[in-house]
Each structure stands twice: as C-alpha cells, then as structure tokens.
Amino acid sequence: MTRLSILAVVLMLGYAVPAASGEGTCGTFAPDVLYAAGDLPNSVAIGDLDGEFDLDLVVTNSFSDNVSVLLNISHGTFAADVTYVVGDSPRSVAVGDLDGDLDRDLAVANFGSNTVSVLLNNGDGTFAPAVNYAVGGSPVAVAMGDLDGDLDLDLVVGNSGSDDLSVLLNNGDGTFAPAINYGAGDPREVAVGDLDGDLHLDIVVANFTDTVSVLLNNGDGTFAAHVTYGVGIAPGGVAVGHLDGDLSLDIVVANFSNNTVSVLLNNGNGTFAPDVLYATGSGPVCVAVGDLDGDLDLDLAVANRLSDTVSVLLNNGDGTFTPHVTYGVGDSPRAVAVGDLDGDLHLDLATANGISDNVSVLLNQCTTPPCPWDCGGDNDGDVGIVDFLALLAQWGGPGACDLDGGGVGITDFLELLGNWGPCP
C-alpha cells in the first residue's frame, strides 16, 4: 500500500492528521510574563500548594514582611497573589511537607527578626498563621531535608549575622526542636544533598567570603566541622546536582562580583575538585539546576541582579557548559527557580524581581514530544490514535514517527503499538 493510498483511507475515515512537531527550541524560553508580588520580592520557590497537580509559586517580600502565594490557574498562568504575614524582612523560602499530611508547607528565613517562620498548609493552598522559631543572627537562607533519617523534613538556616548555620530537627508533626548552630563562613545561601554517598543529607553553604562550605552529616542529623573550597568573588547562591553524570552530587555557585558561576565536581567521596568558572550576566545572585533542554543532563539557570536577566547555561553532557544565553526579566532579579509550570513536561523558569515588585515566568519553548512515540503533533503525553494516523501518513518516508532513521515502516509501527497509552 502506498503512502497516498494510506492517506486516502485515513481521509475516508474522517480523521485529520496533524503536522508533526520538531525539536529546535528545547532549552530556550518565551518572553517573560509578569505577575505582581509584594514589596521587594527576593526569593521564589515552586511547589504544588493546592493539591491540583500543577505547580504554584511562593515569593518572600522583604519590605512588606510577608510571602505571596500565586496559585497556578492553568498551563502556567497564575492568579493574583495572596499574602501571609511572616517575620521581619523575609529573605528566603522553601517548600515541602513538614507535618506529614502530604500538603506542601512553607519555611521562611526572616533577616530582621532572627527567626524562621513555619506556615502549615490547610490542605487547599491556604496557610495557617506563621509559627516562629529562633535561629542565629540575620538569617538569609533556608532549605529543607530529612537530616536525621526519621522520614520527616528538617530545616537548615544560613545566618549571615552570626556566621553560622542553624539546624532545626522536626518533631514529626511540623513543630521543631530548638536550633543547633554550626560554624560556617559568611552564609548567603544553603543547599542540602548526599555529597559523600552514605545516604545521609549533607549541607553546602555559599559564603560571601569567596568560599563554599561543606558540612558532612555524621549520620544522625549532627554535622562535622565545615570544609571550605574557593570559588569566585562574593558568592550569593548555591545549588547541587548530578552535573557530570557520575552519580555523585556536584556543586554550582553564583559569584556576584565577577559575573560567573563556579562548578565544583565531586571527587566521589564528598570532596571537590577546584572550581571551573563560566561567565553569566552581570551580578549573578542565585542559581538553579534542572534539565532545561530535555537531554537528560542538568543545566543551569542564573538570576543576574544587575543586568535584569536570567542566564541559561546548557550542559554538554559531562559537567561542562555552553556559553550562557540571557533572557530579560523584571528589575533586579534576586532569585530563580525551575519547574514545569505549564504541564508540558518541560522545565520553565520563575524569577523574583526585587525592584519591580513582581515575578517573571518564562515558559520553555521546547516542542519535542515528551516521548518519541507521541509523534502525531498533539504533544499530549499519550500514544494513541492521532500518533497512529500520523505514522500511517508518513509511511515509507521521513517524519517525526521515523524512530530508527530508515523511513517510517514496520519497526516504527511495532514500537508505537508496544508503547500505546500514557508515555512512560
């Protein structure tokens, strides 16, 4: 049967075969869409706050002493912000299930009141009044993780005024034991991850003293003395991720004063090779990690405070990175976060813009289907009749359904049938 005769049969059946989509734009981003926040937003986090299986935004507002919650309406558009009071001059927010009820709660580091605020989710994306816990001096960063191995999330807070970290262990119900403090450099941001492969979460700290500190977990939620590694000038953001594909977590740091990010690859045991520097925009203050171009390695997104941009650095697959590409955002972005905001299985970006009092949302323009058999152009994450009809229409020639490069044929037909249904 020829391709034309197959098309004739398809048309007789009354089906329209859509044009197949291509690749081309993965890891590039549409112009930002702005959403109002509070006064001087300086941190943004992403999570499903209302249980509707899409990702929402939460932003700290330093001058209005509150957090803004922006619920996802549909496909990466957001409702007007709803604000909740926290401590004085909030600087950082983290999202996670703190009380074990499967709803995402909030933790906020309050620079002006030397506290961390915990806001428990009511189950619908609204939040109970903040409960405040004392930490060190002038806290600027907060992160969550199960630090003591009891299956609930604990808190680690970076304190810029007292040059230390506060660790608050969860009592199991979203309340916290008094803080235990550990020396660090001059903290500006914190991250957690298993750096030495012992299945316990360790702590990484970006210090304004041109270093990054690593505190390895003793296995019980207490930590060894910090070990420091040199990075760029005035680091302000830190993240961890498997950057070079060797299953050990690496470190990336945003260096404000020399317009770079430092990448420190793990030696495999929680020690790190000397940093490698990559250029960014002007005044990088925050870095986030995620697979932005869909090639299964982790890329970098950097908020550049002085150039009003976000830089994207794509991974070459070995922990080295391509030159940065910049995208405009609001005025003075202080933070960037990564997540699939529009539900198309590709990661998008959000920045908190301090001077323009808003949030920028940049949607990934990737048009690659979420799996190769979803080749009919509908990009619905499901292998079905549309994809089958597209395969028939392309029979014998090239097309999006040509999975083996030899022209659309029986092999592609069998692959499509074998993966019928939701994409894996």
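Quick caveat: nothing in here was measured; it's all calculated off a predicted structure.

Asker: Explanation requested: the sheet that holds strand E22 (residues 260–264) in the structure shown.
Answerer: Two pairing modes exist for strands in a sheet, parallel and antiparallel, and in both the strands are linked by backbone hydrogen bonds. Pairing within the open sheet is antiparallel, and its four strands lie in the order E20-E21-E22-E23. Looking at the sheet topology across the chains shown, the edges are occupied by strand E20 (235–241) and strand E23 (276–279). Averaged over all pairs of adjacent strands, the angle between strand axes in this sheet comes to 25°, irrespective of strand direction. Pairing geometry for E22 and E23, over four bridges, is antiparallel. Bridge pairing in E23 places Thr260 opposite Ala279.

Asker: Please clarify how the side chain of Asn364 should be interpreted in this entry.
Answerer: Relative to the helices and strands, Asn364 is located in the loop between strand E30 (358–362) and strand E31 (382–383). Residue classification places Asn364 among the buried residues on the basis of a relative accessible area of 5%. Reaching out from Asn364, the side chain makes a polar contact with the backbone oxygen of Leu347 at a distance of 2.9 Å. Beyond its immediate sequence surroundings of up to four residues, Asn364 is in contact with Thr25, Cys26, Gly27, Thr28, Phe29, Leu292, Asp344, His346, Leu347 and Asp348.

Asker: Please explain the confidence of the model for the chain as it appears in this structure.
Answerer: Interpretation of this model should avoid reading the predicted coordinates in detail wherever pLDDT is low. Model confidence for the chain is summarised by a mean pLDDT of 91, while 92% of its residues fall at 70 or above. Predicted confidence is poor over residues 1–24, with pLDDT under 50, and the contacts of this stretch with residues over four places away or in other chains come to 33 contacts.

Asker: Looking at this model, I keep getting lost on the packing of helix H2 (residues 385–393) against helix H3 (residues 410–418). Mind explaining?
Answerer: Axis separation between H2 and H3 bottoms out at 11 Å; the angle between their running directions is 180°. Here H2 lies roughly antiparallel to H3, going by the angle between them. Mapping the contact onto sequence places Asp387, Phe388 and Leu391 in H2 and Asp412, Phe413 and Leu416 in H3. Here the contact of H2 with H3 is composed, by residue class, of four nonpolar, no polar and two charged.

Asker: Even after reading the chapter, I still don't get the packing of aromatic side chains, so can you show me in this structure?
Answerer: Given two aromatic rings, one states the distance between the centres and the angle between the planes to describe the pair. Counted by the stated rule, this structure contains nine aromatic pairs. Taking the centre distance of 5.6 Å and the plane angle of 80° together, the rings of Tyr229 and Phe272 count as edge-to-face. Here the residue Tyr229 occupies a position in strand E19 (residues 227–230), and Phe272 occupies one in the loop between E22 and E23, the gap between them amounting to 43 residues. For the pair Trp395 and Phe413, a centre-to-centre distance of 6.5 Å together with 70° between the ring planes defines the contact as edge-to-face. In this pair, Trp395 is assigned in the loop between H2 and H3 and Phe413 in helix H3, connecting sequence segments 18 residues apart. Exposure remark for Trp395: the relative accessible area of 26% places this residue in the partly exposed category. Taken together through their ring pairs, the aromatic side chains of Phe388, Trp395 and Phe413 make up a single cluster. Over the ring of Phe111 we find Arg91, and its NZ or CZ is 4.0 Å from the ring centre. Above the ring of Phe208, the side-chain terminus of Arg188 is found at 4.6 Å from the ring centroid.

Conventions we followed
Residues numbered from 1 in each chain as written. Predicted model: local features only at pLDDT ≥ 70, side-chain atom pairs only at ≥ 80, totals over all residues. Heavy atoms only, no water. Pairing = 2+ DSSP bridges. Helix = DSSP H or I, 4+ residues; strand = E, 2+ residues; numbered from the N terminus. Axes fitted to C-alpha atoms, helices over the stretch in contact; angles between N-to-C directions. Buried < 20%, exposed > 50% of the residue type's maximum accessible area, 1.4 Å probe, protein only. Polar contact = N/O pair within 3.5 Å; in protein donor to acceptor, adjacent residues only side chain to side chain. Contact = heavy atoms within 4.5 Å. pLDDT = per-residue confidence, 0-100. Parallel < 35°, antiparallel > 145°, perpendicular 65-115°, else oblique. Nonpolar A, V, L, I, M, F, W, Y, C, P; charged D, E, K, R; others polar. Phe/Tyr/Trp six-rings, centres within 6.5 Å; stacked < 30°, edge-to-face > 60°. Lys NZ or Arg CZ within 6 Å of the ring centre and 35° of its normal.

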